[in-house]
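Structural description and commentary
Residue-level listing of the chains:
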Amino acid sequence: MLKSASGTLVNVLKRSLVPATNVCAVIPARRAHGGPVESDEDFDRRYEAYFNRKDIDGWEIRKGMNDLCGMDLVPDPKIIIAAMHACRRVNDYALAVRFIEACKDKCGTKVAEIYPYIIQEIKPTLSELGIETPEELGYDKPELALESVYEM
């Protein structure tokens, strides 16, 4: 009993002698914004230079492509051409075809407008390197697709 009374007395004295300060501060900070903004031309040049490096290996090509696929954009044909040359330098045909497929997927709902333009721009490079588009390889149609039950 004496212990609880003395504890209460100490708490009362503490509260009366030490002023209560309630600090509730919100520090406004926008960490992702406010830095230097990269222009579209600088972005394209940076990725072109990345893929045009002579010492690039398969892992770095995949990393660059993965970074591009993770962004909310469709890569410029100049970047795709540089990536195709990089794939040919490391002799990775499958990666080149898969990157073209990923670019088609990035077109989203505007695939009928954007993808033909991309193919038109990169077709000379694909012919030069001996790379076929996914449509030429038949990858745009499922191999083992069953006929729809609604169309029987």
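Criteria and thresholds
- Residues numbered from 1 in each chain as written.
- Predicted model: local features only at pLDDT ≥ 70, side-chain atom pairs only at ≥ 80, totals over all residues.
- Heavy atoms only, no water.
- UniProt positions renumbered as here; feature names shortened; annotations may be inferred.
- Helix = DSSP H or I, 4+ residues; strand = E, 2+ residues; numbered from the N terminus.
- Buried < 20%, exposed > 50% of the residue type's maximum accessible area, 1.4 Å probe, protein only.
- Contact = heavy atoms within 4.5 Å.
- Areas by Shrake-Rupley, 256 points an atom, 1.4 Å probe, with all protein chains shown as cover.

Under an unreviewed UniProt entry, the name given to the chain is Cytochrome c oxidase subunit 5A, mitochondrial, and the organism recorded is Leptosia nina. Per UniProt, the chain carries the Sequence similarities (unreviewed entry) text "Belongs to the cytochrome c oxidase subunit 5A family." The UniProt entry for the chain carries the following comment under Subcellular location (unreviewed entry): "Mitochondrion inner membrane".

**Here we look at the overall build of the chain**
For the chain, the helix and strand inventory stands at 7 helices and 0 strands. Per-residue burial for the chain yields a buried fraction of 24% across its 152 residues. Put simply, of all contacts in the chain between residues at least 6 apart along the chain, 69% involve residues at least 24 apart. As displayed, the chain has an accessible area near 11,400 Å², and 57% of this comes from carbon and sulfur atoms.

**Some points on unusual backbone geometry**
Positive phi values are uncommon outside glycine, yet N91 reaches one of about 60 degrees. Tracing the sequence through the fold places N91 in the loop between α4 (77–89) and α5 (93–106).

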